[in-house]
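Geometric and topological summary
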Amino acid sequence: MFAFLRSVGAVGRAAGTGAAPPTGELALARVERIGRTGLTVSGQPQVELLLTVAPRFRAAYTTTHRQVVDVVAIPRVQPGEVVVVRRPDDAAPAVVLELDPPADWARLRDAEQLRTGAERTVPLAEQAPRWEPIEPSEPSAGRRGTAPRRTTRRVLLAGVAVATAAVVLVPAYDAIGRNARAIASGDPSSAGVVLGDRHREIVDALVAETGGTRFASIGFYGEYALASAPSEPGALTIDSYEYRYDRTSHGGPDPIQPDDPEAALFDVGDIDWDRIPALIDAAEEHSGITEPTGVIVTVSRSPVADATGVRPLRMLVMLDSAYEDAVVPFDATTGELLD
């Protein structure tokens, strides 16, 4: 027996869209973080996203956005995923997810997902200034925040170019060797984060960054890993952390704080991180998606407690392909496939 959620064809649009034709320019954006707000509409969850948005005619920026998303579309808005958004007001940061964009924008989105380094249209989050609405944007939101000054646009773009070039031109030497070996082996993706074999090494680096072994979540994506952990050992305030380009960073307070932080935490020593490649293979076999276009692995506690009152520790393997998606759950401590 195995359990997975699958969606075939186009994902559903977010609830609450009006009948009038949508207005505003389209833009590419990358999901940096996702969290729950606790609100549901007709059984569908509202999520809070941290997005890096790259408009065509102004500097890129990061912003917080809330929207009700069909549950089958949740894998499409995981951290690292490139999405199409609509900006109803050019003078405000608010956006609306376009999960079923026009064909030309779908092609732009898919091409951006494959770009790295200086080729990116959407810069890294740390290279884009924060621009927040008065309240986190929602599909109906029309409030305006404080925009980055238009007069500084060239300076911002120049800074993005210089910072991106620095990332590309001065990578770690071990990363260069790893990429060369992966290309020579005929499997370039093995040099990445989620499809490589460095999961334990990455977790150890995050432990060194956080100063402790307890985490609320750890996620492995194509080129980076994201984690939520106590702001300092013993604290019950949760911060965000990142591993990218063989370096770790501390992102500050996580925008979504668990209702019960103590119940959400787990110890990384309880998980065999070297097992992840085998579990990805098992997920592909059980789901039937043997050549996924995208893979994400996340570890966190289930939101629902078991009969003993403990929230089980789960590892979710999310697979994406052109026509279907699957989320395959495993017991993170034993590696057993969950019903």
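Remember, it's a predicted structure, so these values are computed and weren't measured experimentally.

The rules behind the values
- Residues numbered from 1 in each chain as written.
- Predicted model: local features only at pLDDT ≥ 70, side-chain atom pairs only at ≥ 80, totals over all residues.
- Heavy atoms only, no water.
- Helix = DSSP H or I, 4+ residues; strand = E, 2+ residues; numbered from the N terminus.
- Buried < 20%, exposed > 50% of the residue type's maximum accessible area, 1.4 Å probe, protein only.
- Areas by Shrake-Rupley, 256 points an atom, 1.4 Å probe, with all protein chains shown as cover.
- Core = buried A, V, L, I, M, F, W, Y, C linked by side-chain atoms within 4.5 Å.
- Contact = heavy atoms within 4.5 Å.
- Expected span 1.5 Å × (residues − 1).
- Arc of directions from axis to C-beta.
- Phe/Tyr/Trp six-rings, centres within 6.5 Å; stacked < 30°, edge-to-face > 60°.
- 1 Å grid on protein atoms, 1.4 Å probe; cavity = no way out; pocket = protein on both sides within 12 Å on 5 of 7 lines; lining within 4 Å.
- Points joined across faces, edges and corners; volume = space filled by probe spheres on them.
- Pairing = 2+ DSSP bridges.

From N to C terminus, the protein chain includes six helices and 15 strands. Buried positions account for 45% of the 339 residues belonging to the protein chain. Approximately 16700 Å² of the protein chain is accessible, and the part contributed by carbon and sulfur atoms is 55%.

With that out of the way, let us pick up the environment of Pro-329. When you line up the elements, Pro-329 lands in strand 15 (residues 324–331). In this structure, the C-alpha to C-alpha distance between Pro-329 and Val-297, residues 32 residues apart in sequence, is 9.8 Å.

On to the nonpolar core. Nonpolar side chains in soluble globular proteins generally cluster together in the buried interior. Grouped together as the largest cluster of nonpolar side chains are 36 residues, with contacts concentrated most on Phe-215, Ile-218, Phe-220, Trp-273, Val-297, Met-315 and Phe-330. Elements represented by at least two residues in this core include exactly helix 4 (199–210), strand 8 (217–220), strand 9 (224–230), strand 10 (238–244), helix 6 (276–287), strand 13 (294–301), strand 14 (313–320) and strand 15. For this core, the leading source of residues is helix 6, giving five residues. In this view, Val-297 contacts Val-194, Ile-218, Gly-219, Phe-220, Ile-276, Ile-280, Met-315, Leu-316 and Val-317; residues no more than four positions away in its chain are not counted. Residues Val-31, Leu-51, Val-83 and Val-95 belong to the second largest nonpolar core, which totals 18 residues.

Take helix 1 (residues 103–114) next. With 12 residues, helix 1 should cover 16 Å at 1.5 Å per step; its first-to-last C-alpha distance of 17 Å lies within 8% of that length. Every buried residue belonging to helix 1 is among Trp-105, Ala-106, Arg-109 and Glu-112, and all of these are buried. For helix 1, the angular spread of the buried residues around the axis is 125°, confining them to a single face. Projecting away from the buried face of helix 1 at angles above 90 degrees are the exposed residues Arg-107 and Leu-114. Those residues of helix 1 that are buried are in contact with strand 2 (25–41) and strand 5 (82–87).

Evaluated as defined, the whole model comprises three aromatic pairs. Taking 5.9 Å as the distance between ring centres and 65° as the angle between the ring planes, the aromatic pair formed by Phe-220 and Trp-273 counts as edge-to-face. Here the residue Phe-220 occupies a position in strand 8, and Trp-273 occupies one in the loop between strand 12 (266–267) and helix 6, the gap between them amounting to 53 residues. With respect to class, Phe-220 is no different from Trp-273; both count as buried.

Here Arg-247 shows up in strand 11 (residues 247–253). The class for Arg-247 is partly exposed, based on a relative accessible area of 45%. Spatially, the C-alpha atom of Arg-247 lies 8.0 Å from that of Ala-205, the residues being 42 residues apart in sequence.

Before going further, it helps to spend a moment on helix 6. Between its terminal C-alpha atoms helix 6 stretches 16 Å, which fits the 16 Å expected from 12 residues at 1.5 Å a residue. Of all the positions in helix 6, only Ile-276, Leu-279, Ile-280, Ala-282, Ala-283, Glu-284 and Ser-287 are classed as buried. Positioned one or two residues after helix 6, Gly-288 has a phi angle of 85°, which is positive.

Looking now at empty space enclosed by the protein. In this structure the tally under the stated criterion is two cavities of 30 Å³ or more. Taken as a whole, the largest cavity encloses approximately 70 Å³ of empty space. Around the largest cavity, the lining residues are Pro-75, Arg-76, Glu-81, Gly-294, Val-295, Ile-296, Met-318, Leu-319, Asp-320 and Asp-325. Broken down by secondary-structure element, the contributors of at least two residues to the lining of the largest cavity are strand 13 and strand 14.

Our next topic: the pairing of strand 14. Counting buried residues along strand 14, seven of its eight residues qualify, which places the element largely inside the surrounding structure. Pairing analysis gives eight bridges linking strand 13 to strand 14, with the strands arranged antiparallel. Pairing of Arg-301 across the sheet is with Leu-313, part of strand 14. Pairing geometry for strand 14 and strand 15, over seven bridges, is antiparallel. From the neighbouring strand, Asp-320 faces strand 15, where its bridge partner is Asp-325. Between strand 14 and strand 15, which pair antiparallel one after the other, the connecting turn spans three residues.

As summarised here, the arrangement of the five strands in space is 4-3-2-5-6, forming an open sheet in which the pairing is antiparallel. Of all strands in the sheet, those with a lone pairing partner are strand 4 (61–68) and strand 6 (96–97), marking the two edges. Sheet topology places strand 5 next to strand 6; two bridges connect them, and they run antiparallel. Paired with Arg-86 across the two strands is Val-96, which belongs to strand 6.

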